[in-house]
Number of protein chains: 2
Amino acid sequence: MSLLLEHVTAVTMDSAQPVLKDAFVAVEGTKISSVGTARPQGEFDRVIDGTGKVLMPGLVNAHTHVAMALLRGYGGGHDLYHWLNDYIFPAEDKLDARCVAAGTALGLAEMIASGTTCIADMYMYTDAIAKTVLEAGISANLSCGGVYFGAPEDFSPDKCGDCQNQLRLVEEWHGAGEGQILVDASIHAEYTSCPSLWEWTADFARRHGLGMQVHISETQSEHENCWKKYGKTPVALLDQYGVWERGGIAAHCVWVSDQDMDIMAQKHITAVHNPVSNLKLASGVARVPQMLKAGVNVALGTDGVASNNSHDLFEEIKLAALIHKGVGLDPEAVTAQQALEMATVNGARALGLDTGVIAPGKTADLILVDFSAPNLFPCHDAVENLAFSARGSNVVMNMARGKVIYEKGEFFTLDLEKIRAEVEGYALPRIFGI
Amino acid sequence: MSLLLEHVTAVTMDSAQPVLKDAFVAVEGTKISSVGTARPQGEFDRVIDGTGKVLMPGLVNAHTHVAMALLRGYGGGHDLYHWLNDYIFPAEDKLDARCVAAGTALGLAEMIASGTTCIADMYMYTDAIAKTVLEAGISANLSCGGVYFGAPEDFSPDKCGDCQNQLRLVEEWHGAGEGQILVDASIHAEYTSCPSLWEWTADFARRHGLGMQVHISETQSEHENCWKKYGKTPVALLDQYGVWERGGIAAHCVWVSDQDMDIMAQKHITAVHNPVSNLKLASGVARVPQMLKAGVNVALGTDGVASNNSHDLFEEIKLAALIHKGVGLDPEAVTAQQALEMATVNGARALGLDTGVIAPGKTADLILVDFSAPNLFPCHDAVENLAFSARGSNVVMNMARGKVIYEKGEFFTLDLEKIRAEVEGYALPRIFGI
């Protein structure tokens, strides 16, 4: 399958040619084959007219729990303790693989319609997520979030359910769909595990050549309790056990120290900024300008939709570009360009994927944004409009791995009616008894 | 014209019956005639099936400069000084009434499509704004933002262009369209005027029974310079000159003091919170939880789109409900309900309009939100979903003053193609020479 996007404004995220007007972008199979302002030679199976539209790399949601779409808005308005213990945990206790598949499909529908082409996910019933992602067509780095609540001295990988699960997931899913699914090693968080698990997970990632996902310093109390218990911050502590040897995704990083930032820059750890979730759960505001200055790769995530309550990454882009200006009283903190980089090229780097940029040879993860909509007109600067004016609803085409999976409100890999029926007919009754 | 909305979930903002499921809301002329769970007697000219949709009061944008839609994203990425002096002011210098009409129509299109039914606006060429608003069908409190840069001792209302303009505007427009247009008295800000103008404006508002619009304590330097110059804060200083005798709209209020809040509560001054603009321009984060606690009426605004860069009030609702949690580390600060109140009933109070609530006798400013969209499903709590998951793009019907002016992407009072042609063919070439 070959496809040509013509007469489009391409916001490439490629510093060699950042914005190309009246551009031609050709796709061959799963890859971008050419990018330029002259029409490429040859015939194409399909030609899409991009007049009045902006083409940009598909968005990368570098930290989410996609199946939590089922719990959108559930328990809202309560403090964190009651929200988790009285609402979220009891609901999650009732989940099964079928619920998680339904929640994943629902979450993916929202993500695809709003321009996401790649995700890093951490959740239970990971097989169900993998199957659903394969059908949906986007790329995903999946992890199950390893925990260990036993006595540290009793730890044995053979008896640790999450270790066995991770081993199995790698066997079954790593590289599935010609690389569409990658399995990442994972540690849910420092406070839900122990040094033996960290050592095992670091070794596991090394042996299998995997990425790593960990929740890091999301709340002040988590960060400070770690310091009290171990005399180190979570970033430094896990570093001691080799967890970051292959880099990794550190989700949240709201309370990381300056020393943590140095480690993160040196070890190629990505800080995934989740501004909406961090505000909603009153976790605080991550020091993103300082992380950028320290050379840390910063990506964006929505976190689970239960603490957001949206999967629209354009919202995270805008908030990432806004909040550090206002909180730091610095109108030049986090530019529109930097916020877009977080959601594209930086996210791709976090996931270890060759995407996030419109350039020949890159994976054809591409979205078209309709700039004729009243909220995107006029356009004095396409990057400013993408960062501060665009919404997920302006996305009129989502191409993942060279295949158009969504166009003008229509899904080609997901059946919205079927998803609704499954959520209403099975998942919600099972979880909530309704 | 009579109309019935049936089988709708009504989020009424009326404490007597906050959320009504499978409700019937009848409209007769410009007013809501009945609200309940039983079908009202009689025949209706039109019946709208609201199954799967939420009906709520139309949104009130209590501080904007709507015509600035022309400058969306212009000069982005620069600090405030350069943004204003090198970009915004030179562009505004080139405006004429025709440009302002075009920008107003464009901004109104965006607002109407995203659920706004009432605005408070402050901008030049106010007649052009009034004409365009009348055509568009929403309600507007218009002001021209009185300034006086002359020597205070030379002030004379007869020679003050803005005083004469305000007198003329009241004559020509106050109450036009059977109350669709109200002219508010206005002082652009303390730092762009002088005591004689404040006295005159207070008297002008009193004589004509007008509302009042003023920019208040938007930036720290503005607030502190006022203190240095007059030994008072802007709120207290204007109070001394009688400006707040009839209440009023104080836009921004980022740096108001505790004492200011007491005055505001006592004098029925509305603080209009503009969270996006305040972050984007690095003005800071208004102390909204403290204002609410002090009993101040807090409403929401987008400010001009040049510093936002969107007119979607759902974004302000969400940010108002998020930011105070995260910045104040308080997960219970500004609830979903409170944020919706700011955008509806509190906004109506600010504008002095009998709207913002779904109840018999109130003006029929109503919007329908499609809850079958993937981003609003499932719905555990309609108020949570409206505050944290809804986007302007979920609005499928906008009824202003009893008349459906927008439905499923179609505008009935505005011609989007004509607006685009006017912006591209006249306004942008005039302002930017392109």
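Just so you know, these numbers come straight off a predicted model, no measurement behind them. Within every chain, residues take consecutive numbers counted from 1 along the sequence as written. A letter from A marks each chain and a number from 1 marks each ligand, given out in the order of writing. Only residues with pLDDT of 70 or above have their local features reported here, since the model is predicted, and side-chain atom pairs are shown and tallied only from 80 upward, although totals for entire chains, interfaces and linings are computed over all residues. Values reported for side chains reflect all heavy atoms of the structure, with hydrogen atoms and water molecules removed beforehand.

## Considerations on unusual backbone geometry
Move 1: Residue Asn309(A) is bonded to the preceding Asn308(A) through a cis peptide linkage, with omega at 0°.
Move 2: Looking at the element boundaries, Asn309(A) is found in the loop between strand S14 (297–300) and helix H12 (313–327).
Move 3: A cis amide bond links Phe377(B) with the next residue in sequence, Pro378(B), at an omega value of -5°.
Move 4: Mapping Pro378(B) onto the fold places it in the loop between strand S15 (366–370) and helix H15 (382–388).
Move 5: Its identity as a non-glycine residue notwithstanding, Tyr125(A) has a phi of 50°, on the positive side.
Move 6: On the secondary structure map, Tyr125(A) appears in the loop between strand S7 (116–122) and helix H3 (126–136).
Move 7: In this structure, His252(B) is a non-glycine residue whose phi angle is positive, near 90°.
Move 8: Numbered from the N terminus, helices here are DSSP runs of H or I no shorter than four residues, and strands are runs of E no shorter than two. Relative to the elements of secondary structure, His252(B) occurs in strand S12 (residues 248–252).

## Description of the sheet that holds strand S10 (residues 185–189) of chain B
Residue and element names in this part refer to chain B.
Move 1: What makes two strands pair is DSSP finding at least two bridges between them. Across the sheet, five strands lie side by side as S10-S11-S12-S13-S14; this open sheet has parallel pairing. Both outer strands of the open sheet, S10 and strand S14 (297–300), are each paired with one neighbouring strand and no more. Geometrically, the sheet is characterised by an average inter-axis angle of 25° between neighbouring strands, direction not taken into account.
Move 2: Inspection of the sheet shows S12 paired to strand S13 (residues 269–273) by four bridges, in the parallel sense. Each residue of the ladder has a partner; that of Gly 248, found in S13, is Ile 269.
Move 3: Note on contacts: a residue pair qualifies if any of its non-hydrogen atoms lie within 4.5 Å across the two residues. An axis is simply a line fitted to the C-alpha atoms; with a helix, the fit covers only the stretch in contact. Between two such axes, the angle follows the N-to-C directions and lies from 0 to 180 degrees. On the sheet, helix H12 (residues 313–328) packs against S13 and S14 and is oriented at approximately 130° with respect to S14.

## Brief notes about the packing of H3(A) against helix H4 (residues 161–173) of chain A
Residues and elements named next belong to chain A.
Move 1: For the pair H3 and H4, the least separation of the axes is 11 Å and the interaxial angle reads 20°. The orientation of H3 with respect to H4, classified from their angle, is roughly parallel. The handedness of the crossing between H3 and H4 is right-handed. Across the interface between the two elements, Thr 126, Asp 127, Ala 130, Lys 131 and Leu 134 from H3 touch Arg 168, Leu 169, Glu 172 and Trp 173 from H4. Between 65 and 115 degrees an angle is taken as roughly perpendicular, under 35 as roughly parallel, over 145 as roughly antiparallel, and anywhere else as oblique. Handedness of each helix crossing follows the sense of rotation of the near helix against the far helix: counterclockwise by less than a right angle gives left-handed, clockwise gives right-handed.

## A short note on the sheet that holds strand S6 (residues 59–64) of chain B
Residue and element names in this part refer to chain B.
Move 1: Taken in spatial order, the four strands of this open sheet run S6-S7-S8-S9, and their pairing is parallel. Both outer strands of the open sheet, S6 and strand S9 (181–183), are each paired with one neighbouring strand and no more. Direction aside, the axes of adjacent strands within the sheet are offset by 15° on average.
Move 2: Alignment of strand S8 (residues 139–143) against S9, held across three bridges, turns out to be parallel. By the bridge assignment, Asn 141 is partnered in S9 with Leu 182.
Move 3: Along the sheet face, H12 touches S6 and strand S7 (116–122) and points at about 85° away from the line of S6.

## Looking at the domain arrangement of chain A
Residue and element names in this part refer to chain A.
Move 1: Either an automatic procedure or a domain database provided the assignment from which the domain bounds are taken. Considered domain by domain, chain A is made up of domain 1 (2–57 + 357–411) and domain 2 (59–351).
Move 2: If you look at the interface, domain 1 gives 25 residues, while domain 2 gives 30 residues.
Move 3: Taken together, both faces of the contact between domain 1 and domain 2 bury some 2,100 Å²; the carbon and sulfur share is 68%.
Move 4: When the area that domain 1 buries against domain 2 is broken down by residue, the three leading residues are Met 13, Phe 388 and Arg 401, summing to 30%.
Move 5: Salt bridges are counted wherever a side-chain nitrogen of Lys or Arg sits within 4 Å of a carboxyl oxygen of Asp or Glu. Taken together, the connections running from domain 1 to domain 2 amount to zero salt bridges.
Move 6: Whenever a nitrogen or oxygen atom comes within 3.5 Å of another N or O atom, the pair is scored as a polar contact, on the condition that within protein one atom can donate a hydrogen and the other can accept it, and that pairs from neighbouring residues in sequence are kept only if both atoms are in side chains. Seen at the junction of domain 1 and domain 2, the total is seven residue pairs in polar contact (both at pLDDT 80 or more).
Move 7: The set of elements that each furnish at least two residues to the side of domain 1 that touches domain 2 consists of strand S5 (53–57), strand S15 (366–370), helix H15 (382–388), strand S16 (395–400) and strand S17 (403–407). A quick way to say it: buried area is the sum, across both parts, of accessible area lost when two parts are put together, with a 1.4 Å probe.

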